[in-house]
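For reference, the chains in residue letters:
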Amino acid sequence: MSVSDPPPLRQDLSGARFDQPVIEDESQPYWDAANQGRLLIKCCTACGANHHYPRPFCPKCWSEEVEWVEASGGGTVYSYSTVYVNDLPPFGPEVPYVAAVVELDEGPRMMTRLVDCTGEDVEIGAPVTVAFQPFDGEQCMPVFRLT
Ligand SMILES: [Zn+2]
C-alpha cells in the first residue's frame, strides 16, 4: 500500500463481536453480579454520590473511597433511539432495536437497550426496570423493559 492508495472502505468483520465487553479486574464484580441478576453501581463513601460506569474514583469529588452498591433496578427513560442499521456483528440481524440512556433511580445514567418493545412504545420519562440477558450464551448484560 502506497501513500496514494485510498484506505479500504470496509473491513471484513465476519467473526468479530462488538457486543462483548472487555472484563477487567475493576469491572469483574459488575459482570459477576449481572450473571446473578443484580445491577451494581459505585457509591462514593466520601461525598455520597453514586456513579456509573464503574470507576476506581469518584467523578464528583475524586475520592478513591468508592464501593459497590446494588441498584434497585428501577429507572426512567432519559433518551432513546431506534436503531435500523448496524453493520457491526452481531447486531445486523437484531435491527430494529431500541438503544437508550436510562436514568437509574439512584441517579446515574447508563447506556443500554430497551427490550420487548419498539421505539413507538417508548416515551421520555417512561418507567423501566432492569432485566438480564445472556449475550453470548454465558455472560449476562443488563437491559431494561418498560414497566
Ligand atoms: Zn465523591
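**Q** What am I meant to see in the overall build of the protein here?
**A** Helices and strands together make up the secondary structure of the protein, namely one helix and eight strands. For the protein, the sequential pattern of α-helices and β-strands runs α-β-β-β-β-β-β-β-β. If you line up the protein on its principal axes, its C-alpha atoms span 55 × 40 × 30 Å. Put simply, the protein has 147 residues, and 18% of those count as buried. Put simply, of all contacts in the protein between residues at least 6 apart along the chain, 50% involve residues at least 24 apart.

**Q** For this particular structure, what's the right way to read the nonpolar core?
**A** What tends to happen in soluble globular proteins is that the nonpolar side chains get buried as a cluster. Within the largest apolar cluster, 21 residues are counted, with the highest numbers of intra-cluster contacts made by Ala100, Val102, Leu114 and Phe144. Put simply, the parts of the chain that give this core at least two residues each are helix 1 (28-35), strand 1 (40-44), strand 4 (74-83), strand 5 (97-104), strand 7 (127-134) and strand 8 (140-146).

**Q** Looking at this model, I keep getting lost on the sheet that holds strand 2 (residues 50-51). Mind explaining?
**A** Sheets are built from strands that pair by backbone hydrogen bonding, the pairs being arranged parallel or antiparallel. The strand order 2-1-3 describes an open sheet built from three strands, whose pairing is antiparallel. Two strands in the sheet have a free side with no partner beyond their single neighbour: strand 2 and strand 3 (66-70). By the bridge criterion, five bridges tie strand 1 to strand 3 in an arrangement that is antiparallel. Within the sheet, the bridge partner assigned to Cys44 lies in strand 3 and is Val66.

**Q** I would appreciate a short explanation of the environment of Asp19 in the present structure.
**A** With respect to the helices and strands, Asp19 occurs in the segment before helix 1. On a C-alpha basis, the gap between Asp19 and Leu88 in space is 8.9 Å, while along the polypeptide they are 69 residues apart. For Asp19, the contacting residues outside a window of four places in its chain are Pro90, Phe91 and Phe135.

Basis of the calculations
Residues numbered from 1 in each chain as written. Predicted model: local features only at pLDDT ≥ 70, side-chain atom pairs only at ≥ 80, totals over all residues. Helix = DSSP H or I, 4+ residues; strand = E, 2+ residues; numbered from the N terminus. Buried ≥ 20, exposed ≤ 12 C-beta atoms within 10 Å, placed from the backbone. Contact = placed C-beta atoms within 7 Å. Core = buried A, V, L, I, M, F, W, Y, C linked by C-beta atoms within 7 Å. Pairing = 2+ DSSP bridges.

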